[in-house]
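# Per-entry structural report
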Amino acid sequence: MLRLGQVIPGGGFALGIVFFYLSLLIFLPLGAFVLYASGMSGESFIRQVTDYRMVHGYMLSFGCAFAAAVINAVFGLLLSWVLVRYNFPGKRLMDGLIDLPFALPTAVAGIALTTLYVENGWLGQFFYAAGIPSAFSAVGITIALIFVGIPFVVRSVQPVLRDLDGSLEEAAAIMGAGKFLTFRKVIFPELITPLISGFALAFARGIGEYGSVVFIAGNMPYETEIAPLLIMTKLEQFDYQAAVAVAIVMLGMSLFVLLILNGYQHYRLQRLGA
Amino acid sequence: MELVSKLASVKAKEKLAAGAWQEKLVKWSLIFIGAAFLVIMMVLPLVLIGVEALAKGWSAYMRAVSEPFAQKALWLTAEATILAVLSNTVFGLAAAWLLTKFDFKGKSLLGAIIDLPFAVSPVVAGLFFIMLFGRLSPFYDTLQAYQVAVVFAVPGIVLATIFVTLPFIARSIVPVMEAQGRQEEEAAALMGASGWRIFWQITLPNIKWGLLYGIILCSARAMGEFGAVSVVSGHIRGKTNTLPLHIEILYNEYNFTAAFAVASILVILAVVVLILRNLVEWRLTRAERTGEHEL
């Protein structure tokens with residue numbers, strides 16, 4: 001594999017470390033999982049994954065992750081715009097706050113959000129007064145996933161917006177285009193790719209998210225039971241087949257999202273190159 | 001004629017003024033919406049944690065934080081975090097060295113494998129280790145015979161933590177090492193320097209900020225990991241409980257003050273991480289810029 005005769009030493013040594021490490025941490029665990037999964041009969045697998053409780057679980061995870069990613073795309077674009085284009089007091093603090101979900105443990109975020117959005121919570125009281133149950137519902141799950149996903153969108157869009165070539169905008173302005181028209185026709189098309197990649201990352205993360213969601217979800221079977229929780233529940237009942245079945249569906253969903261993202265980026269690159 | 005042009009210029013000025021006024025309105029409304037979003041989503045949860053943690057006063061806070069189970073959980077979290085950072089640093093350096101200093105087939109595949117833990121739900125990651133070391137494992141009898149407990153014990157927690165944080169350090173070093181190129185290392189090798197000497201004297205000083213950045217990200221994620229650790233821990237109090245798991249138990253026992261008190265330790269650590277991250281990021285971009293100047 002390694003081409004010998006390269007000048008820099010240490011290739012074999014590094015390869016050894018990497019191979020040993022990946023074997024212990026990725027190949028062996030993944031292999032044990034695949035081995036067990038391949039031992040399941042197709043019939044029982046189909047029965048497990050089409051069970052109504054399961055289907056409800058991943059539809060819920062999928063739907064809430066999608067809704068949260070859409071909302072994050074809108075606010076993420078707005079926040080990137082504000083942080084790149086405007087100067088105002090407190091900008092650096094605002095920029096730093098966006099990374100909070102990366103640094104704050106998910107369980108801590110989970111209990112804090114739940115306490116905020118329960119019926120007599122600081123924010124929950126307004127939601128409940130408006131007739132929206134903001135905790136122990138799909139709304140609550142979506143709120144938690146918005147929290148988790150926002151940095152993905154901002155950190156994808158922000159650098160692209162910052163490095164955008166200003167001359168096109170100037171040209172548009174000189175030719176008399178209004179600010180909004182310039183944004184829609186000149187700036188936004190450049191931001192579609194990073195926006196979609198931020199969206200996909202937030203979406204994929206949302207499907208698998210557990211810590212921040214499990215407290216606010218309420219975890220009622222057939223109602224607010226998310227897919228990762230189904231795995232936990234099935235494991236506690238020593239129902240390994242069901243747990244593995246849900247895991248396969250979840251792995252499939254996030255790989256699907258990331259593959260589409262990869263395909264899209266590839267397509268964009270080719271079109272730009274042409 | 002003069003009058004017309006004067007009129008036109010007045011009109012243009014008015015139009016410009018109206019435009020500037022409109023632009024200001026748009027600017028400040030967008031800033032307001034963004035700030036309101038961040039206050040509601042980020043600031044309020046932080047404030048709430050502080051308020052709830054101190055709801056029963058300072059002495060209750062101190063009691064919750066210094067209680068033996070909380071202390072044990074803190075030590076286990078520290079242990080898992082340190083082990084994850086150490087082993088992922090060694091791996092990250094080796095992987096980055098391989099990916100940036102050599103050409104070989106399957107390079108992009110190796111990159112994709114390293115990124116895999118990012119694509120896997122933490123709960124599924126935990127399940128992988130249950131499959132490898134738990135009751136259904138092909139090695140279960142051997143593990144039993146030697147009385148090695150991995151799942152529902154500390155080694156499982158450490159392994160799960162390492163798995164979910166595996167890509168961070170490698171991913172932080174690779175772009176920096178790539179930007180540095182190979183010439184310096186190649187020159188040193190041709191002059192007869194050993195691999196270790198090249199690494200310590202040339203590569204490491206060049207990538208130190210990238211490495212530090214990765215270590216910060218890795219420790220932040222490691223100390224807060226919940227899903228994967230939750231699956232493999234077995235929730236044995238005082239034995240396999242990390243801080244996040246301890247918080248979950250306290251919260252589910254309706255012991256909210258204690259839960260938020262323990263959570264506040266992690267909040268303080270998270271804020272420290274954010275500040276360090278910003279400082280290192282600043283150094284990193286500066287290092288990149290001066291690197292460009294030297295070229």
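Treat the numbers as computed from the prediction; the structure is a model and nothing was measured. (Residues numbered from 1 in each chain as written. Chains lettered and ligands numbered in written order. Predicted model: local features only at pLDDT ≥ 70, side-chain atom pairs only at ≥ 80, totals over all residues.)

Take the overall build of chain A next. Helix and strand content of chain A: 13 helices and zero strands. Overall, the C-alpha framework of chain A stretches about 75 × 70 × 35 Å when taken along its three principal axes. For chain A, restricting intrachain contacts to residue pairs at least 6 apart in sequence, the fraction spanning at least 24 positions comes to 75%. (Helix = DSSP H or I, 4+ residues; strand = E, 2+ residues; numbered from the N terminus. Contact = placed C-beta atoms within 7 Å.)

Moving on: the overall build of chain B. Across its full length, chain B holds twelve helices and zero strands. The helix and strand sequence of chain B, counted from the amino end, reads α-α-α-α-α-α-α-α-α-α-α-α. Counting across all 295 residues of chain B, residues that qualify as buried make up 43%. Taking the contacts inside chain B whose residues are at least 6 apart along the sequence as the reference set, 80% of them involve residues at least 24 apart. (Buried ≥ 20, exposed ≤ 12 C-beta atoms within 10 Å, placed from the backbone.)

As a further point, take the interface of chain A and chain B. In this assembly, 71 residues from chain A lie in contact with 73 residues from chain B. If you tally residues by element for the side of chain A that touches chain B, the top one is helix H1 (residues 11–39) of chain A, at 15 residues. A class-by-class count of the residues in the side of chain A that touches chain B yields 59 nonpolar, nine polar and three charged. (Nonpolar A, V, L, I, M, F, W, Y, C, P; charged D, E, K, R; others polar.)

Residue and element names in this part refer to chain A. The interhelical angle for the contact between helix H3 (residues 52–85) and helix H10 (residues 179–208), taken along N-to-C directions, is 145°, at an axis separation of 8 Å. Helix-helix and strand crossings are classified by hand; for H3 and H10 the assignment is right-handed. Contacts from Ser61, Phe62, Cys64, Ala65, Phe66, Ala68, Ala69, Asn72, Ala73, Gly76 and Leu77 of H3 reach H10 at Leu191, Leu195, Gly198, Phe199, Ala202, Phe203, Gly206 and Ile207. (Axes fitted to C-alpha atoms, helices over the stretch in contact; angles between N-to-C directions. Left-handed = near helix turned anticlockwise from the far one by under 90°.)

One finds Val108 and Val246 of chain A together with Leu127 and Val262 of chain B to be the most contacted residues of the largest nonpolar core, which totals 165 residues. Residues in contact with Leu127 of chain B, not counting those within four places in the same chain, are Phe33, Ile231, Ala243 and Ala247 of chain A together with Val231 of chain B. (Core = buried A, V, L, I, M, F, W, Y, C linked by C-beta atoms within 7 Å.)

It is at 8 Å that the axes of H1 of chain A and helix H5 (residues 122–133) of chain B come closest, and there the two elements cross at 80°. Judged by the angle between their axes, H1 of chain A and H5 of chain B are roughly perpendicular. Taking contact as the criterion, the partners of Leu28, Pro29, Leu30, Ala32, Phe33 and Tyr36 of chain A in H1 of chain A are, on H5 of chain B, Leu127, Phe128, Phe129, Met131 and Leu132 of chain B. Here the contact of H1 of chain A with H5 of chain B is built from residues that sort into eleven nonpolar, no polar and no charged. (Parallel < 35°, antiparallel > 145°, perpendicular 65-115°, else oblique.)

Residues and elements named next belong to chain B. Here Val158 is to be found in helix H7 (residues 154–180). The class of Val158 is buried, set by 22 C-beta atoms lying within 10 Å. In sequence terms Val158 and Val229 are 71 residues apart; their C-alpha atoms lie 8.3 Å from each other. Discounting residues that sit within four places of it in the chain, Val158 has contacts with Ala80 and Leu83.

Residue and element names in this part refer to chain B. Phi is positive for Phe152, close to 60°, though the residue is something other than glycine. A positive phi is found at Tyr254, a non-glycine position, where the angle reads about 60°. Summarising the element assignment, Tyr254 is placed in the loop between helix H11 (243–252) and helix H12 (256–294). On the neighbour-count criterion, Tyr254 (8 C-beta atoms within 10 Å) is exposed.

On to the confidence of the model for chain A, then. Residues with a pLDDT of 70 or more make up 97% of chain A, whose mean pLDDT is 90. Of all the helices and strands in chain A, helix H9 (residues 166–174) of chain A carries the lowest mean pLDDT, 83, while helix H6 (residues 106–117) of chain A carries the highest, 96. (pLDDT = per-residue confidence, 0-100.)

Residues and elements named next belong to chain A. Summarising the element assignment, Ile216 is placed in helix H11 (residues 211–217). Expressed as a C-alpha distance, the spacing of Ile216 and Val74, which sit 142 residues apart in the sequence, is 23 Å. Setting aside residues no more than four positions away along its own chain, Ile216 makes contact with Gly110, Leu113, Thr114, Tyr117, Ala135, Gly140, Ile141, Ile143 and Ala144.

Residue and element names in this part refer to chain B. Residues with a pLDDT of 70 or more make up 90% of chain B, whose mean pLDDT is 89. Across chain B, element-level confidence peaks in helix H3 (residues 68–101) with a mean pLDDT of 95 and bottoms out in helix H6 (residues 140–145) with 83. The complex model carries a pTM of 0.90, and its ipTM stands at 0.91.

An α-helix turns once every 3.6 residues. As a result, residues three or four positions apart point the same way. Residues and elements named next belong to chain B. Between its first and last C-alpha, H7 extends 39 Å over 27 residues, near the 39 Å set by a 1.5 Å rise per residue. Along H7, 21 of the 27 residues are buried, which leaves the element largely enclosed by surrounding structure. Once H7 finishes, Gly181 follows within two positions and takes phi at roughly 75°, a positive value. (Expected span 1.5 Å × (residues − 1).)

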